[in-house]
Protein chains: 2
Amino acid sequence: MNLRDIGEFGLIDRLRGKLNPADETVVVGIGDDAAVAAYHPASHVLITTDMLVEGVHFREDTIDYRSLGWKSLAASLSDIAAMGGIPRHAVVSLAIPPAFAVAKLDLLYEGIGQICEAYHTHVIGGDIVKTEGPLVISVTLTGEVEQGRALLRSGAQAGDLVFVTGPIGGSAAGLSFLQSHQQSLVHPDEQSVLLNSHQRPQPQVEAGRILSQSGGCTSCNDISDGLASELNEIAIASGVGIVVEEERLPIAPAVRNFARLAERNSTDWALYGGEDYQLTGTLSPLAYGSLVNQFLMRGLELHLIGRVTEGQGVILRCRDGEEQRLQARGYNHFAE
Amino acid sequence: MNLRDIGEFGLIDRLRGKLNPADETVVVGIGDDAAVAAYHPASHVLITTDMLVEGVHFREDTIDYRSLGWKSLAASLSDIAAMGGIPRHAVVSLAIPPAFAVAKLDLLYEGIGQICEAYHTHVIGGDIVKTEGPLVISVTLTGEVEQGRALLRSGAQAGDLVFVTGPIGGSAAGLSFLQSHQQSLVHPDEQSVLLNSHQRPQPQVEAGRILSQSGGCTSCNDISDGLASELNEIAIASGVGIVVEEERLPIAPAVRNFARLAERNSTDWALYGGEDYQLTGTLSPLAYGSLVNQFLMRGLELHLIGRVTEGQGVILRCRDGEEQRLQARGYNHFAE
């Protein structure tokens, strides 16, 4: 079946059928000029948006369309998590080449439906248009957070501890694995870790909620552009320096093993790879004890990887005792 | 200057400088993982989104980039107007070809800044990415409306009056004018009417607010796809029929005159052209007298063009007394 057979409105009906049913926060969903949503009266509303372009952000040879649907919303869910918010309502727009297969769009929306179900989020609108260029996916997601509780980048203070909520470097390792010719040399369990890290990242919404409710988290970012870039943003916004210890970086054994096999550097993946969608940020030292217990009780991870200093910039203290300044070299569109 | 010279982050800094300053509803604007916005505790939040693709929605030979910026947000502002809401916060994402001139993006954001200023709206976030395809603009706009006051498509009842808030057909006439070879034959004043109708439409936010506050507006749509399509949506959603009188359609003299010159049909432009961004909908007959006074006092127009009947479908009663059924033949992506 192709798009000409079902047309714009047939496609919209078809795709909305893949989505999870609305809850009571959706007053008016897909189908009017605008959607109507209910938020708690004491909340501030969070808004974040991400655009993904085929050939730039994803390629058919390294991700299937169901995973792409998952990952398209994961990026925005992770932004809401990084603000300490509860994700609520998404609008999804697509620019589609006319010859694009409807079956691929079905899979895309199955993946969107799956992640919305997993994170109690709802797609309540969108726009579907034609393009002569590559597929473009635009996601805007709202969330809510108690007034004054949003986690910003700007509150880190000298003496604070630097945390990360889980393993990093896995997404870059997974992409490298998908593009390699050594796949058969990797144990199936480790293959799963690498694939899932790249294709099905898990935004840390629950961790963000614990951090925002604690009052002890002084800054927070999600790791979309790599740890080095995210920590530099915090250091600049907060006017502080940060020292990170290489030996404390949480890198999964599957990632270390594949790095060895592929003769790549797993620390580089962790620092510069991005798309891990863990949270990183800073904690008041007094808050750590209580926070780590809350994380443990819910089966979540909270790794300390460094500390905040006077001064500026982000320093990596390597295993051999050497120190190096970490530049914010995440992906820069138009730079290459 | 090109994009490689300033990079993604230089471009973001440059473009945010074109925007109007934030107001007190913007708690955290551009620059963190998500923006934070404050809404009135008794409000519902409205969300609408539109995607525009070069070559499909706009072309450089019929619109300048400043007007394109204006028009990109006008579509979304009109959706909020059609819900009876107050527009609040926008996020704007762009997929940009690498060779695209920065000067064009400057103009685009000047236009965005102008319409945000005019409608007391703020851009509080976005995403800027690279594409090998045409320029893509994605706008998501929020608004707020008092709980229970949103104007939907579904409340029209037999006996209601059908209204439109201003002249229609002007956008299609303006596009035809821009593509014609008869421009020098049109009086300069009428040229302005045609150009502004197409390039600088005025979303009817104030009219939408009066209608939602009155309690007498039983359904509402904005005219983005042409009157025929919008009234069909209302008829279907409300389970009613609608009869419209051709002689009552508010078509500007400039539009009628250019139709005559170009040997085109101005009624067709009004019914099927779209992008007029006036509101159309239905009123309880008892509400009309008070409403028309409020509109007049604020210098706004409120034209009655027909009535709601039992049955289904939309009928046009022509000047010659003939009746014809109006199909919803607005623009359908993928149909051509």
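Everything discussed here concerns the structure shown above.
Residues numbered from 1 in each chain as written. Chains lettered and ligands numbered in written order. Predicted model: local features only at pLDDT ≥ 70, side-chain atom pairs only at ≥ 80, totals over all residues. Heavy atoms only, no water.

Attention now goes to the relation of the copies chain B and chain A. Once turned by 180° and shifted 0.0 Å along the axis, chain B lies on chain A with an RMSD of 0.0 Å. Expressed as a symmetry operation, the mapping of one chain copy onto the other fits a two-fold axis. Comparing interface residues between copies, 99% of those in chain B also lie at the interface in chain A; the contact surface is shared. (Least-squares fit on C-alpha atoms with pLDDT ≥ 70 in both. Contact = heavy atoms within 4.5 Å.)

Moving on: the pattern of salt bridges. Under the counting rule described, the total for this entry stands at 28 salt bridges over all chains. A salt bridge links Glu245(B) to Arg317(B); its shortest N-O distance comes to 3.8 Å. One end of the pair, Glu245(B), is in strand 9 (residues 241–245); the other, Arg317(B), is in strand 12 (residues 313–317), with 72 residues separating them in the sequence. In this structure Arg317(B) comes out as partly exposed when scored by relative accessible area, which is 27%. Among the charged side chains, a network of salt bridges with common partners joins Asp32(A), Asp33(A), Arg153(B) and Glu233(B). (Salt bridge = Lys/Arg side-chain N within 4 Å of Asp/Glu carboxyl O. Helix = DSSP H or I, 4+ residues; strand = E, 2+ residues; numbered from the N terminus. Buried < 20%, exposed > 50% of the residue type's maximum accessible area, 1.4 Å probe, protein only.)

Quick look at empty space enclosed by the protein now. Under the counting rule described, the total for this entry stands at 1 cavity of 30 Å³ or more. Taken as a whole, the largest cavity encloses approximately 100 Å³ of empty space. Taken together, 16 residues make up the lining of the largest cavity; nearest its centre are Tyr39(A), His40(A), Ser43(A), Tyr39(B) and His40(B). Every element with two or more residues in the lining of the largest cavity is listed here: strand 3 (43–53) of chain A together with strand 3 (43–53) of chain B. Of the residues assigned to the lining of the largest cavity, the class counts are 10 nonpolar, 6 polar and no charged. (1 Å grid on protein atoms, 1.4 Å probe; cavity = no way out; pocket = protein on both sides within 12 Å on 5 of 7 lines; lining within 4 Å. Points joined across faces, edges and corners; volume = space filled by probe spheres on them. Nonpolar A, V, L, I, M, F, W, Y, C, P; charged D, E, K, R; others polar.)

This brings us to the interface of chain B and chain A. On the chain A side, the residues contacting the 67 residues of chain B number 66 residues. Regarding the contact of chain B and chain A, the summed buried area is about 5,300 Å², with carbon and sulfur atoms giving 62% of it. The three residues of chain B that bury the most area against chain A are Asp33(B), Lys130(B) and Phe334(B), which together make up 17% of that side's buried surface. Counting across the chain B and chain A interface gives 4 salt bridges. In this structure, Arg153(A) engages Asp32(B) in a salt bridge whose closest nitrogen and oxygen atoms are separated by 3.5 Å. Applying the counting criterion to the chain B and chain A interface returns 16 residue pairs in polar contact (both at pLDDT 80 or more). A breakdown of the residues in the side of chain B that touches chain A according to their chemical character gives 38 nonpolar, 17 polar and 12 charged. In terms of strand pairing, strand 2 (residues 35–37) of chain A meets strand 3 of chain B through 3 bridges, oriented antiparallel. The partner of Ala35(A) across the bridge, within strand 3 of chain B, is Ile47(B). (Buried area = accessible area lost by both parts, 1.4 Å probe. Polar contact = N/O pair within 3.5 Å; in protein donor to acceptor, adjacent residues only side chain to side chain. Pairing = 2+ DSSP bridges.)

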